[in-house]
Amino acid sequence: MANPSAVCNGHLHHHQKQNNLLKSGISKKNGIAKGIKKNGVSNGSLSKKAFIEHFEQAPMYVAVLTFVGFGVGTIFGYLRDFMRAWGLEKRNIATEREQQKDFVPLYQDFENFYTRNLYMRLRDNWNRPICSVPGPQFDLMERVTDDYNWTFRFTGRTIKNVINMGSYNYLGFAETDANALKTVAKELQKYGTGVCSSRQEMGTLDKHVELEQLVARFLGVEAAMVFGMGFATNSMNIPALVGKGCLILSDELNHTSLVLGARLSGATIRIFKHNNMQSLESLLRDAIIYGQPRSRRAWRKIIILVEGIYSMEGSIVRLPEIVALKRKYKAYLYLDEAHSIGAVGATGRGVVEYFGMNPDDVDVLMGTFTKSFGAAGGYIAGKKDLVDFIRTHSHSAVYATSMCPSVAEQIIRAMKCLMGLDGTTQGLQRVQKLGKNTRYFRRRLHEMGFIVYGNDDSPVVPLLLYMPGKIGAFSRRMLEKNIGVVVVGFPATPIAESRARFCVSAAHTREMLDTVLNALDELGDFLQLKYSRYSKAAHPELYEETRCELED
Amino acid sequence: MDFKRVKDYFYWLYFQYLLITCSYVLEPWERSMFDTILVTVLAMVLYTAYVFIPIHVRLAFEFFSQMFGGQPESTI
């Protein structure tokens, strides 16, 4: 896996490593960090910070009514399909041609049935076109439908200043302030927009080299490589790292990009229960004891795929325990920090910093620039050998166009702001504001009595709706109140657990959050969404330790 | 004013019914069809209950009192 003689980009990395050590104030000896530690010990036991996650189950009648609702929808779905098949109703969706009626049917499976009959009725809540920057507030194009969501037309009006609770704008870097974008505009004038080549041909610019060095310095690792697209980073690099004869242990709720990368690689995939260390350990033990399925040989490589923050649940990975397991059973760890980089941690360096651990504990650090940095693209970081190998063997490096230089400059300026290199404390302020907003929002939602999943520190806040009728009602009524939310149903979530997912941002002011919370309160009473049986108002004495948040 | 509050309350109840049975997503003619069928079934259930439950309760009462029968009825 190593390519020791590669000096791909002609830079020496020695001075950078010393910078990392001086910066974090930890002296290393034999890979064990001594000296100043932030929270707790890094030998695998849980850090001293409380790890509070909520996955409350709704009362039984809610599950029953959800299934009743889906049953009614299914019955009417069959009725409409019958009417379409017998010509009593016009067919608006894709069907086979007349000559192909006797062939194997294309549109009879459950997914197409669900799309035709249930998704189409609520389709106006998704894919709403926006016409401004997705900051804390944005503008929507108004559209209406005349035939129950089969076609839409724009009225020409724009709905202005809708509060944005759906964009992944965690640190508020999606902004149009001319002052902030000065360097980006300058690079745009210097380089233009297109690179017109892949990384290995003519597409490596000095901007990419600068960005990669900055990313490595930010994360505290030896080297990093950046790619043009976050999804492609996962799906094109996992096949480069593992192949046939390797074992992938992947979390139940991993993102599609990780699943696609794992399947493309050709390795054997085993799934462990979400964030469940007993399940992971039993899989690891079985893998080591029994080896490969038929030949009983040892696996060439065992790699664990996890995410920093899971975007549908809002839960944070149990990193110290996974690192302890990985050391014990000698496996590799691939951590996808798409939602957690910039969003958790005292200075925004992700879950590794959140748990007070050493970045060397994780073998492959992956992340995206789409969420917290207001740009596009992804990175893979780790040891220099690993990154040099990826530079030559990744499909993305060989075939995909490299990142646009002005986008790279946006990431550079955002990262410099976060690290404090631009001379201000704006970056740290943003991270702290995000933390405050997150804790405030989650605390108020719990107090009001909603069922909210996930860790108390994660800026992704899923609020459970359960019933299919409420998905549409919730989204439409929130839009009437000028708040844009994202609702998710089957198949992105389990069928009985549809939810509304809020993404708190550092750019949201307290007034905006209060507006949203008041609207949620009102709507929660109107739609009867307050299912929680453990709201804080009922049991104040049990939740005292989480009340110590910084007040203004 | 009170009449408006009552009307709002009934509208809210009707809206809850729409959400729970997922009629909120249906088109108007589907909603009328569903409402009609549901009202018909409920009416039949209520009529059956009205006609048969008193008779069944009386028979059950007689059956059980026969089983424990033979005990002298207290006349005090």
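Each chain has its residues counted from 1, running along the sequence as written. Key to labels: chains lettered from A, ligands numbered from 1, both in the order written. For a predicted model such as this one, the threshold for reporting local features is a pLDDT of at least 70, and the threshold for listing and counting side-chain atom pairs is 80 or more; totals across whole chains, interfaces and linings nevertheless cover every residue. Side-chain measures were taken over the full set of non-hydrogen atoms in the model, leaving aside hydrogen atoms and water.

J.: Teacher, can you tell me more about the overall build of chain A here?
T.: Helix and strand labels come from DSSP, where a helix needs a run of H or I of at least four residues and a strand needs a run of E of at least two; each type is numbered from the N terminus. Tallying secondary structure elements over chain A gives 16 helices and 17 strands in all. Remark: exposure states derive from per-residue accessible area (1.4 Å probe, protein chains only) relative to the maximum for the residue type, with buried under 20%, exposed over 50%, and partly exposed in between. Here chain A, with 552 residues, has 53% of them falling under the buried criterion. Taking the intrachain contacts of chain A between residues at least 6 apart in sequence as the baseline, contacts between residues at least 24 apart amount to 72%. A total of about 25,700 Å² of accessible surface is found on chain A, and carbon and sulfur atoms cover 55% of it. The contact criterion used is simple: two residues touch if any of their non-hydrogen atoms lie within 4.5 Å. Computed with a 1.4 Å probe, the accessible areas rest on the Shrake-Rupley method; for each residue, only the protein chains presented here act as cover.

J.: Would you mind showing me how to read the packing of helix α5 (residues 206-219) of chain A against helix α13 (residues 405-419) of chain A here?
T.: Packed helices, taken two at a time, are described by the angle between their axes plus the distance between the axes. Residues and elements named next belong to chain A. The axes are straight lines fitted to the C-alpha atoms, using for helices just the contacting stretch, and the angles between their N-to-C directions are given from 0 to 180°. Put simply, α5 and α13 touch, their axes get as near as 10 Å, and they point 30° apart. Between α5 and α13, the interaxial angle falls into the category roughly parallel. For α5 against α13, the interelement crossing comes out left-handed. Taking contact as the criterion, the partners of K207, E210, L211, L214, V215, R217 and F218 in α5 are, on α13, P405, A408, E409, I411, I412, M415, K416, L418 and M419. Counted by class, the contact of α5 with α13 contains 11 nonpolar, no polar and 5 charged residues. In these notes the angle categories are as follows: under 35 degrees is roughly parallel, over 145 is roughly antiparallel, 65 to 115 is roughly perpendicular, and the rest is oblique. Put simply, a crossing is left-handed when the front helix is turned counterclockwise from the back one by less than a right angle, and right-handed when it is turned clockwise. Residues are sorted three ways: Asp, Glu, Lys and Arg are charged, Ala, Val, Leu, Ile, Met, Phe, Trp, Tyr, Cys and Pro are nonpolar, and all the rest, Gly among them, are polar.

J.: Just checking my understanding: could you explain the sheet that holds strand β8 (residues 268-272) of chain A for this structure?
T.: Residue and element names in this part refer to chain A. A strand pair is defined by DSSP finding two or more bridges across the two strands. Spatially, the 7 strands line up as an open sheet ordered β6-β12-β11-β10-β9-β7-β8, and their pairing is mixed. Strand pairing shows two members of the sheet lacking a second neighbour, β6 (223-227) and β8, which therefore form its edges. Each strand axis lies, on average, 20° off the axis of its neighbour in the sheet, ignoring direction. Against the sheet, helix α7 (residues 256-265) contacts β7 (247-251), β8, β9 (302-307) and β10 (332-336), and its axis sits at roughly 160° relative to β9. Sheet strands touched by helix α11 (residues 384-393): β6, β11 (364-368) and β12 (378-382). Its angle to β6, the strand with the most contacts, is close to 30°.

J.: Is there a simple way to explain α11(A) in this structure?
T.: Count 3.6 residues to each turn of an α-helix, and residues three or four apart come out pointing the same way. For α11(A), every residue scored as buried is listed here: A:L386, A:V387, A:D388, A:F389, A:I390 and A:R391. Those residues of α11(A) hidden inside the fold are in contact with α5, β6, α6 (230-241), β11, β12 and α12 (395-399) of chain A.

J.: Please explain the UniProt feature "transmembrane region" (unreviewed entry) in chain B as it appears in this structure.
T.: Residue and element names in this part refer to chain B. UniProt positions are given in the numbering used here, feature names are shortened, and annotations may be inferred rather than shown by experiment. Mapped onto the present numbering, the UniProt feature "transmembrane region" (unreviewed entry) falls on residues 9-26 and 32-53. Secondary structure across residues 9-26 comprises 67% helix and 0% strand; the distance between its end C-alpha atoms is 23 Å. Taken end to end, residues 32-53 comprises 100% helix and 0% strand; its first and last C-alpha atoms sit 31 Å apart.

J.: Would you mind showing me how to read a nonpolar patch on the surface here?
T.: Residues and elements named next belong to chain B. A cluster of nonpolar side chains, W29, M33, I37, V41, M44 and V45, forms an exposed patch at the surface whose accessible area comes to about 540 Å². Structurally, V41 is set in helix α2 (residues 28-67). Classification of V41 as partly exposed rests on a relative accessible area of 41%. Nonpolar side chains (Val, Leu, Ile, Met, Phe, Trp, Tyr) within 5 Å and like charges within 9 Å form the patches, drawn only from residues with over 30% relative accessible area and no salt bridge. What counts as a salt bridge is simple: a side-chain nitrogen of Lys or Arg found within 4 Å of a carboxyl oxygen of Asp or Glu.

J.: Looking at this structure, I do not really get the pairing of β12(A). What am I missing?
T.: Put simply, side chains in a regular strand alternate between the two faces of the sheet. All names here are of chain A. Of all 5 residues in β12, 5 are buried, a share of seventy percent or more. On β12, burial covers both faces: G378, I380 and G382 on one face and Y379 and A381 on the other are all buried. Relative to β12, β6 runs antiparallel, the two being bridged by 5 bridges. Following the sheet pairing, F227 is matched in β12 by G378.

J.: Is there a simple way to think about the sheet that holds strand β16 (residues 486-488) of chain A in this case?
T.: Backbone-to-backbone hydrogen bonds join strands into a sheet, with any given pair of strands oriented parallel or antiparallel. All names here are of chain A. Spatial ordering of the open sheet is given by β14-β17-β16, a layout of 3 strands whose pairing is antiparallel. Where the open sheet ends on each side, the last strands, each with one partner, are β14 (460-464) and β16. Going across the sheet, the axis of each strand differs from the next one's by a mean of 30°, ignoring polarity. Of the strand pairs in this sheet, β16 and strand β17 (residues 499-503) are connected by 3 bridges, and their pairing is antiparallel. Bridge assignment links V488 to a residue of β17, and that residue is R499. Sheet contacts for helix α14 (residues 426-448): β14 and β17; angle to β14, the most-contacted strand, approximately 15°.

J.: I tried to follow the nonpolar core on my own but got confused; where do I start?
T.: Here is a general trend for soluble globular proteins: nonpolar side chains tend to be buried in one another's company. Among buried residues, the Ala, Val, Leu, Ile, Met, Phe, Trp, Tyr and Cys ones that are joined through side-chain atoms within 4.5 Å form a nonpolar core. Residues A:L249, A:L280, A:I304, A:V306, A:L319, A:L335 and A:F369 are the most contacted members of the largest nonpolar core, which totals 66 residues. The residues touching A:L319, leaving out its near neighbours within four places in the chain, are A:L333, A:L335, A:V351, A:V352, A:F355 and A:M357. Within the second largest apolar cluster, 49 residues are counted, among which are A:F441, A:L520, A:L527 and B:C22.

J.: What is the right way to look at the domain arrangement of chain A in this model?
T.: Where interface size is given, it is often the accessible area lost as the parts come together that is meant. All names here are of chain A. How far each domain reaches was decided by an automatic or database domain assignment. Partitioning chain A into structural domains gives domain 1 (54-164 + 425-533) and domain 2 (179-419). Contacts between the two partners involve 20 residues from domain 1 and, on the opposite side, 18 residues from domain 2. A buried area of about 1,500 Å², summed over both sides, lies between domain 1 and domain 2, and 62% of it is on carbon and sulfur atoms. Among the salt bridges present, the one from E313 reaches R499, with a minimum N-O distance of 3.0 Å. Polar contacts, as counted here, are pairs of nitrogen or oxygen atoms within 3.5 Å of one another; within protein the pair requires one atom able to donate a hydrogen and one able to accept it, and residues that are adjacent in sequence qualify only if both atoms are side-chain atoms. Viewed at the interface, domain 2 and domain 1 are joined by 8 residue pairs in polar contact (both at pLDDT 80 or more). For any pair of parts, buried area is found by adding up, for both, the accessible area (1.4 Å probe) each one loses once the two are put together.

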